[in-house]
Amino acid sequence: MVTTTATAAATVLTPPVTARRLLTGYFVGMGALMAVWGTRMPAVQAAAHLSAGQLSLVLLGAAAGMVAGLYIGGSIAQRHGPAVLLTAPAVVLALALAALGGCQTLPTLIAAALVFGLAHGLLDVGANVAAVHCQDAWGASIMSSLHAGFSVGALFGAAAAAATAHTPHSRVFLITGLAAAAAALLSSPAVRSISDLPSSPANAHEDPAGPGASGRVTGLWLLGALAAACLLGEGAAADWSAVHLHGQHSSAAVSASAYAVYSAAMATGRLAGDRLTTRYGAPVLVRAGAVLAFTGLGTGLLVGTTWSALAGWACLGLGLSTTVPALITAAGHHGPRAVATVTATGYIGLLAGPAVIGALAALTGSVPVALALPVLLAAAVAITSRHALETSR
C-alpha cells in the first residue's frame, strides 16, 4: 500500500504532468485576457473618445507588437528554451491590460497596446514551444486539449466581461490584470518543470543552411499559409458572424450568440481532438475537419436561414478546431523558430482576414458572398493539409 501510494505520488509529480497542468493554466489565462480585452473594446473607445480610425490604430499597435513578439520569442526560445518566455511575459501581459484600463488618450493607448501585443507574442511562442516539448515527453497527442484551454478561457472571459458590462472597464481591466499577474507569479516555481522536460526532437535545431533547407522552408511556409487560412476563419467568426445573422433578420440576442456557438463547437472539437488524432492521425483528421467546415458554412450561407447560419458557424468551429494544434505540432519538429514562423504567419490571417472580408462585402454588396472566402480557404486546407502535415514529420 505504501509502495503504491509513493508510486502514485511520484507519477503526479513528474515533469510532463506538472508541465501539462501549468500550460493548461497558461492557455486558459491567455484566452480569458484576450476575451476581456476584446469584448470591452467599445468601452475603451468611448472612454478615450476615439473614432473608428483611431481605434484601428490602437489595434494595429497591438498587432504590430504581437508579430514582433512572435519573431523575437522564436529566437529566444531557440537559444534559451521556452521556460524563459512564460512568467515574465505573462506578468507584463497582465499588467499591460491593467494599464490599458487607465489610458485616456490615443498615444498612451497605442503605447500600452504595443506592450500588450509584444508580451502576448512572447508568451504565445513560449507556451506553444513548451507544449511541443510536453507532448513529446508525454508520448501521446495532447496539443489539442492544451489549445482547448484557450477556447475555454475565452468563453469564461467573454462571459465575465458580459456579466460586468455595467462596471467601468478600467476597474475590470485592473482586477483581471492584477489577478492574472499574481497567478503567474505564484505558478513560477512550477515553470522549472518545463526546463526538466526532454529536449525537442533531433531535427529541432537543424542548420537552416544545411541539406534540404529549401524544402524545409517551403514546408514551413505552407504550414503557415494553412494556419493563416484557418485563423482567417476564426477572425471571420469573431467579427462577422453576428453581422451575418443580423442580415438574416435574426434578433440581436440570436445574432450575438453566433460567435458563442462557434467557440463552443471549437472547444468541443479540441477537447476530443487528441483522442481522434491518436486514432486516425493528424492528416486524416485535419482534412475531414476542413471538409466539414467547407460544407457546413457553405451550406449555411446558401440556405440563408437563421438556423442554417448557426449550424454553419458551428461546423466551421468544429471542423477547424484541430487544425492549428496539428500545424504547430508539425512546425515543432523543426524547432522554436519554426513554431514562431508558422504562428506569426497564421496571425496575419486572423488580423487581416476580417478587413479583407469587409472590403469584399463592400465591393459585392453582400456579406454572405464575402463570407465565401473562409469557405474556399477551408476547401484549400482540405486539399493541401495532408501533404503539408505528412512531409513535415
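Refer to the structure printed above.
Note that the structure is a prediction, hence the values are computed from the model and not measured. (Residues numbered from 1 in each chain as written. Predicted model: local features only at pLDDT ≥ 70, side-chain atom pairs only at ≥ 80, totals over all residues. Heavy atoms only, no water.)

1. Details of the packing of helix α4 (residues 52–80) against helix α6 (residues 106–138)
When two helices pack together, their arrangement is given by the angle between their axes and by how far apart the axes lie.
Move 1: The N-to-C vectors of α4 and α6 enclose an angle of 35°; their axes lie 6 Å apart at closest approach. Handedness of the α4/α6 crossing: right-handed.
Move 2: Looking at the contact of α4 with α6 residue by residue, the classes come out as 19 nonpolar, 9 polar and 1 charged. (Axes fitted to C-alpha atoms, helices over the stretch in contact; angles between N-to-C directions. Helix = DSSP H or I, 4+ residues; strand = E, 2+ residues; numbered from the N terminus. Left-handed = near helix turned anticlockwise from the far one by under 90°. Nonpolar A, V, L, I, M, F, W, Y, C, P; charged D, E, K, R; others polar.)

2. Observations regarding the packing of aromatic side chains
Move 1: The final tally for this structure, using the stated rule, is 3 aromatic pairs.
Move 2: Ring geometry for Trp-37 against Phe-116: centres 5.7 Å apart, planes inclined by 50°, an arrangement best described as tilted. Here Phe-116 lies in helix α6 and Trp-37 lies in helix α2 (residues 15–39), a separation of 79 residues in the sequence.
Move 3: Of the aromatic side chains, those joined through ring pairs into one cluster are Trp-37, Phe-116 and Phe-173.
Move 4: Above the ring of Trp-138, the side-chain terminus of Arg-20 is found at 4.7 Å from the ring centroid. (Phe/Tyr/Trp six-rings, centres within 6.5 Å; stacked < 30°, edge-to-face > 60°. Lys NZ or Arg CZ within 6 Å of the ring centre and 35° of its normal.)

3. Things to note about empty space enclosed by the protein
To find leftover empty space, one rolls a probe the size of a water molecule over the atoms.
Move 1: Inspection of every chain in the model, using the stated rule, returns 2 cavities of 30 Å³ or more.
Move 2: When its volume is computed, the largest cavity comes out at roughly 40 Å³.
Move 3: Those elements that provide at least two residues to the lining of the largest cavity are α10 (213–247), α13 (306–320) and α17 (372–391).
Move 4: Among the elements that make up the lining of the largest cavity, the one with the highest residue count is α17 (4 residues).
Move 5: In terms of residue class, the lining of the largest cavity is made up of 8 nonpolar, no polar and no charged.
Move 6: Taken as a whole, the second largest cavity holds about 30 Å³ of empty space.
Move 7: Looking at the second largest cavity, the residues that line it are Cys-230, Leu-231, Glu-234, Tyr-262, Met-266, Arg-270, Leu-320 and Val-324. (1 Å grid on protein atoms, 1.4 Å probe; cavity = no way out; pocket = protein on both sides within 12 Å on 5 of 7 lines; lining within 4 Å. Points joined across faces, edges and corners; volume = space filled by probe spheres on them.)

4. Focus on the side chain of Thr-87
Move 1: Within the fold, Thr-87 resides in helix α5 (residues 87–102).
Move 2: With residues up to four places along the chain from it excluded, the contact list for Thr-87 reads Tyr-26, Ala-184, Leu-185, Ser-188 and Val-191. (Contact = heavy atoms within 4.5 Å.)

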